[in-house]
Amino acid sequence: MDSRMARYLITSAIPYINGIKHLGTLIGSQLPADLYARYMRARGHEVMFICATDEHGTPAELAAAKAGKPVAEFCAEMHGVQAQIAKGFRLSFDHFGRSSSPQNHAMTQYFAGKLADNGLIQEVTEEQVYSKADGRFLPDRYIEGTCPNCGYDRARGDQCENCTKQLNPTELIDPRSAISGSTDLEVRQTKHLYLRQSALKDDLDAWIDAKTDWPVLTTSIAKKWLHDGDGLRDRGITRDLDWGVPVKNGDKEWPGMEGKVFYVWFDAPIEYIAGTREWADAAGRPDADWQRWWRTDMGADDVTYVQFMGKDNVPFHTLSFPATIMGSNEPWKLVDYIKSFNFLNYDGGQFSTSQGRGVFLDQALEILPADYWRWWLLSHAPETSDSEFTWEQFQTDVNKDLADVLGNFVSRVTKFCRSKFGEAVPEGGENGPDEIALIERLKSGLATYEAHMQAMEIRKAAGELRALWVAGNEYLQVTQPWAVFKTDPDRAAAVIRLSLNLIRFYAVLSAPFIPDASASMLSALKTEDDNWPDDLDAALTTLPAGHTFEVPEVLFAKITDDQRAEWQERFAGTRD
RNA sequence: GGGCCUGUAGCUCAGUUGGUUAGAGCAGAGCGCUCAUAACGCUUUGGUCGUAGGUUCGAGUCCUACCGGGCCUACCA
């Protein structure tokens, strides 16, 4: 076993269950996480890549009601749909779990118990709005009414969208349920558990301060919450809902909390741990197999834990979840690096699930292979600011990068070889100055690529990868095997032999971005050797003279103007 | 209202601790090549770096104000 082998625990923010997600959520966490996981595996490291569906909370109940199904059934179905989509995009989760799993129930109750043991849970009696018609308590924003400030008649209970004034639901004039429209509301007393995050503020602050290499986006949001106003506030971690993890103290009942569940943002991050346990259970593995990823006293001390998420999820991952871990006073693994992303906009506006604006993941896979989306989204990942999807840009970028630069390189090399030498790596000739120059170029480019991938500089990594594809075309232009062949076939053979090996080199390097195309390339070359080119010279002679191959189908068909126009029209407004 | 992020060529974006003539890809123009998905290569036209001040020998880079975009603001997740 390689002594440089390291262990990487990678989690993607878990997507909410209430519907099919759009391209923005894919690039915000799952896709970059997958890129990183694939890269680390390719480098020979041991990887545990966990994702799941986030299934609890009011929106899930409402979505189920709208679909006319029991919420458990609805979630099970939607989990299946999301799992299928994840598979379609080639997301290489080691396990795609569910926050509603028995494992997560147990783990969530376990952590709550530990926090209570350590004096970090406080019971608070508070007043909340209850809707008799809906038979449920209403979260602030599910109460609508007239704004006392500006008179807007569809103000929400937390804030008026018209005048932006922050509100309490009780301040609304003529309040009504946003769910049923019922005005039969009353204020009731109810008891809830609060996580005393404030008690851990200094620990969290010191911990965040030490993370000088984290993205500014990540640390600035955390610090804002830590220092704003009176500092980090305690947070309610229970809700009056039917669907969720029942409130328990470990495996014991929690007196006075009957019929209540934990708040979705308390149990959702714990699912990262529980999901790993689901993985072990599903494979019939012992507990030690998941614990070695999560317990620093059981082997996780050499694990590097990286989380991926959109910026909207940062507070929960920098504060609440770490507070849960720290507050347990047990040696659970804390995150080492948080890679956060801005949002992807759609043609000048936002993607909108409610308005059906933008491209949803099931539709995306209907119209184009996963690699097209993976490449474009990753090479435009919103790392420094919100970024923009337009169909024109998507079409020109994908056609140029994938079809012209990479796909066409594969075509011209394999077809030229077939017509002049047959479908086998040709023999004869040897490397000269052009080859030495190319290999030098590849060597430095490879080092740059590896550095960017290691640092999760995704756009820069994509740029360098593309530059390496270009280097292949430049090499052919310089060596001109089609002209040289007429006078010196051996020389042409040497060029093509290296070029065919270059295709394998590209397939290996590109696999984290475009796994399907990479597989096609390897399969056309009739090789299963996908080893990382740690030794570049050896890597470029992997396919010896005489090794047979076949000319592959066109790797990437171009997006035509007609297609682009049609999709632009189809995805402009409401979801069909 | 407050906090943070952001505004660099037509488009999408890089620009390290402030240092000589501001970069890349795409799009546009020209040339070359003809093996290839009318693909590839080379050259090239585009920018008073949001605006106005300030600090400095020197500012895209630091400070202030203003204008525009975005996110968050703790009971949506």
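Everything numeric in this text was worked out from a predicted model, so none of it was measured. (Residues numbered from 1 in each chain as written. Chains lettered and ligands numbered in written order. Predicted model: local features only at pLDDT ≥ 70, side-chain atom pairs only at ≥ 80, totals over all residues. Heavy atoms only, no water.)

K.L.:
Would you take a moment to explain the side chain of T11 for this structure?
P.N.:
Tracing the backbone through its elements, the reader meets T11 in strand β1 (residues 7-12). At 3.0 Å, the side chain of T11 forms a polar contact with the side chain of Y305. Leaving out residues up to four positions away in the same chain, T11 has contacts with I50, Y272, Y305, V306, Q307 and F308. (Helix = DSSP H or I, 4+ residues; strand = E, 2+ residues; numbered from the N terminus. Polar contact = N/O pair within 3.5 Å; in protein donor to acceptor, adjacent residues only side chain to side chain. Contact = heavy atoms within 4.5 Å.)

K.L.:
Would you mind showing me how to read empty space enclosed by the protein here?
P.N.:
The gaps of empty space that remain are located by a probe, the size of a water molecule, rolled over the atoms. Taken as a whole and judged by the stated rule, the model has five cavities of 30 Å³ or more. For the largest cavity, the calculated volume is near 60 Å³. Lining the largest cavity, in full, are L195, Q197, R235, G236, I237, Y263, W265, F266, P269, S320, F321 and T324. For the lining of the largest cavity, the elements supplying multiple residues, two or more each, are β10 (235-236), α7 (264-282) and α9 (314-328). (1 Å grid on protein atoms, 1.4 Å probe; cavity = no way out; pocket = protein on both sides within 12 Å on 5 of 7 lines; lining within 4 Å. Points joined across faces, edges and corners; volume = space filled by probe spheres on them.)

K.L.:
Honestly, the sheet that holds strand β15 (residues 303-310) in this entry has me stumped. Any pointers?
P.N.:
One open sheet holds the five strands; their spatial order is β3-β2-β1-β15-β16, and the pairing between them is parallel. Edge positions in the sheet fall to β3 (95-98) and β16 (337-341), since each of these pairs with one other strand and no more. In this sheet, neighbouring strand axes are inclined to one another by 20° on average, regardless of whether the strands run parallel or antiparallel. Here four bridges tie strand β2 (residues 46-53) to β3, and the two strands are oriented parallel to one another. Bridged to T53 within β3 is R98. (Pairing = 2+ DSSP bridges. Axes fitted to C-alpha atoms, helices over the stretch in contact; angles between N-to-C directions.)

K.L.:
Quick question: what am I supposed to make of the nonpolar core here?
P.N.:
Inside soluble globular proteins, nonpolar side chains tend to come together where they are buried. By size, the foremost hydrophobic cluster in this structure holds 155 residues, and its most contacted members are L23, W373, W391, F394 and F513. Per element, the largest residue contribution to this core is 12 residues, and it comes from helix α12 (residues 391-420). When near neighbours in sequence (up to four residues on either side) are disregarded, W391 contacts Y346, D347, V359, I367, W373, R564, W567, Q568 and F571. With 10 residues, the next largest nonpolar core counts A60, A64, C75 and M78 among its residues. (Core = buried A, V, L, I, M, F, W, Y, C linked by side-chain atoms within 4.5 Å. Buried < 20%, exposed > 50% of the residue type's maximum accessible area, 1.4 Å probe, protein only.)

K.L.:
Would you explain the pattern of salt bridges in this entry?
P.N.:
If charged atoms from side chains of opposite charge come close, those side chains can pair. Tallied over the entire structure, the rule returns 33 salt bridges. Across the pair E61 and R136 runs a salt bridge whose closest N-O atoms are separated by 2.3 Å. With a gap of 75 residues between them, E61 in helix α2 (residues 58-66) and R136 in strand β5 (residues 136-137) connect regions that are remote in the sequence. Among the residues examined, E61 registers a relative accessible area of 11% and is labelled buried. Here D336 and K333 are joined by a salt bridge, their closest N and O atoms 3.1 Å apart. Here the salt bridges do not stand alone but share partners, grouping R7, E46, R292 and D302 into one network. (Salt bridge = Lys/Arg side-chain N within 4 Å of Asp/Glu carboxyl O.)

K.L.:
It is not clear to me how the side chain of N399 should be interpreted in this structure. Could you clarify?
P.N.:
In this fold, N399 is placed in helix α12. Other than its neighbours up to four places away in sequence, N399 contacts D404, K558 and I559.

K.L.:
Hey, could you run me through the protein's contact with RNA strand B in this one?
P.N.:
Around RNA strand B, 56 residues are found, and the nearest of them are R141, Q350, T384, N408 and K415. Here RNA strand B approaches the protein such that, of its atoms within 4 Å, sugar and phosphate make up 69%. A distance of 2.9 Å separates a phosphate oxygen of RNA strand B from a polar atom in the side chain of K400. R459 has a polar side-chain atom sitting 2.4 Å from a phosphate oxygen of RNA strand B. Taken together, the elements giving at least two residues each to the surface near RNA strand B come down to α2, β4 (121-131), α6 (216-227), α7, β19 (387-389), α12 and α14 (458-479). The greatest single-element share of the surface near RNA strand B, amounting to 11 residues, is contributed by α12. (Near = heavy atom within 4 Å.)

K.L.:
Explanation requested: the domain arrangement of chain A in the structure shown.
P.N.:
According to the domain assignment, chain A consists of domain 1 (7-119 + 201-218 + 264-341), domain 2 (121-195) and domain 3 (391-539). Measuring from the centre of the C-alpha atoms in domain 1 to the corresponding centre in domain 2 gives 30 Å. On the side of domain 2, six residues touch domain 1, which itself brings 11 residues to the contact. For the pair domain 1 and domain 2, the summed buried surface comes to about 680 Å²; carbon and sulfur atoms form 68% of the total. Summed over the three residues of domain 1 that lose the most area to domain 2, namely T58, L62 and L115, the buried surface amounts to 54% of that side. Taken together, the links from domain 1 to domain 2 amount to one salt bridge. Counting every contact that joins domain 1 to domain 2 gives one residue pair in polar contact (both at pLDDT 80 or more). In terms of residue count, the dominant contributor to the side of domain 1 that touches domain 2 is α2 (four residues). Residue composition of the side of domain 1 that touches domain 2, grouped by class: six nonpolar, four polar and one charged. (Domains from an automatic or database assignment. Buried area = accessible area lost by both parts, 1.4 Å probe. Nonpolar A, V, L, I, M, F, W, Y, C, P; charged D, E, K, R; others polar.)

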